[in-house]
Structures are given as C-alpha cells and as structure tokens.
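Close look at the chain arrangement
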Amino acid sequence: MMSSYMEDYGLLGSDPRNKVDTHKSSMPVIKSQLTAGTAKGTLHMPGYNGFLPLNTRNPYCARVESGATIRTNDKTNLTQQFHVNTLNYSGHTPMDEIG
C-alpha cells in the first residue's frame, strides 16, 4: 500500500521529475481517490463550486465531471434571458423610450 506522498513523488530514491514529459506544454493531472468530486483533476476552472458527480460510470455524468465541454447556451441577448414580467415586482417600470 502506497501513501499519497509516495503516489505523488515516488518511492525513496526516485526522481519525481521523471513523471513529467518535457515535450508537453502542461503539467500532468493525476486523479486519485482524494480528488474525486472536486475541481482538482478536472478541466473546470479553479474555485468551481458547481455540480461534480461522483458516479462517473454513467457516460453523461462522466462528461459533466470531466469539464471538457463548455456550455453552448448563448446568453448575449438579454431581452430573451431577462423576464420583465416578474411576479410581485413593485419597482420602476419605464413607459416610453427617451430618445
């Protein structure tokens, strides 16, 4: 049985720099039991607090957990995203454009 230190840095006398490929542009991401369900080890941005499923046997859950695909929803048109008829809203409601 290996400790997490041994998994990360190797056994006594081994060089941890041998785990890094010098021809790649990024560091390797090593997933372990300690990183399951966290943003570490996925392609999510640091500090991501969204849903990360633990059951990755389901292909849909595995796709969401990996973070490889981004949302494809276009939210640039605010008139389609923001609903002006909100329930019990008693604030300012403009009547005419100022032009």
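Right, let's walk through the structure included here. (Residues numbered from 1 in each chain as written. Predicted model: local features only at pLDDT ≥ 70, side-chain atom pairs only at ≥ 80, totals over all residues. Heavy atoms only, no water.)

**Let's talk about the overall build of the chain**
Looking only at helices and strands, one finds three helices and zero strands in the chain. Seen in sequence order, the chain has helices and strands lined up from the N terminus as α-α-α. Relative to its full complement of 99 residues, the chain shows a buried share of 10%. Long-range contacts, defined here as pairs at least 24 residues apart, represent 14% of the contacts in the chain between residues at least 6 apart. When the accessible surface of the chain is summed, it comes to about 9700 Å², and 57% of that surface belongs to carbon and sulfur atoms. (Helix = DSSP H or I, 4+ residues; strand = E, 2+ residues; numbered from the N terminus. Buried < 20%, exposed > 50% of the residue type's maximum accessible area, 1.4 Å probe, protein only. Contact = heavy atoms within 4.5 Å. Areas by Shrake-Rupley, 256 points an atom, 1.4 Å probe, with all protein chains shown as cover.)

**Describing helix H2 (residues 59–66)**
For H2, the side-chain oxygen to backbone nitrogen distance between the N-cap and tyrosine 60 is 3.1 Å, and the N-cap itself is asparagine 58. Once H2 finishes, glycine 67 follows within two positions and takes phi at roughly 75 degrees, a positive value. (Polar contact = N/O pair within 3.5 Å; in protein donor to acceptor, adjacent residues only side chain to side chain.)

**Here we look at the pattern of salt bridges**
Throughout the structure, instances matching the rule amount to one salt bridge. Across the salt bridge formed by aspartate 15 and arginine 17, the nearest N and O atoms sit 3.2 Å from each other. Under the relative-accessibility criterion, arginine 17 is labelled exposed at 65%. (Salt bridge = Lys/Arg side-chain N within 4 Å of Asp/Glu carboxyl O.)

**Focus on the packing of aromatic side chains**
Counting across every chain of the model gives one aromatic pair. With a centroid separation of 4.8 Å and 45 degrees between ring planes, the pair formed by tyrosine 5 and tyrosine 9 is classed as tilted. Remark: tyrosine 9 and tyrosine 5 occur in helix H1 (residues 4–9); sequence separation between them is four residues, near one turn of the helix. Classification of tyrosine 9 as partly exposed rests on a relative accessible area of 44%. (Phe/Tyr/Trp six-rings, centres within 6.5 Å; stacked < 30°, edge-to-face > 60°.)

By themselves, these figures tell us nothing about what the structure is for.
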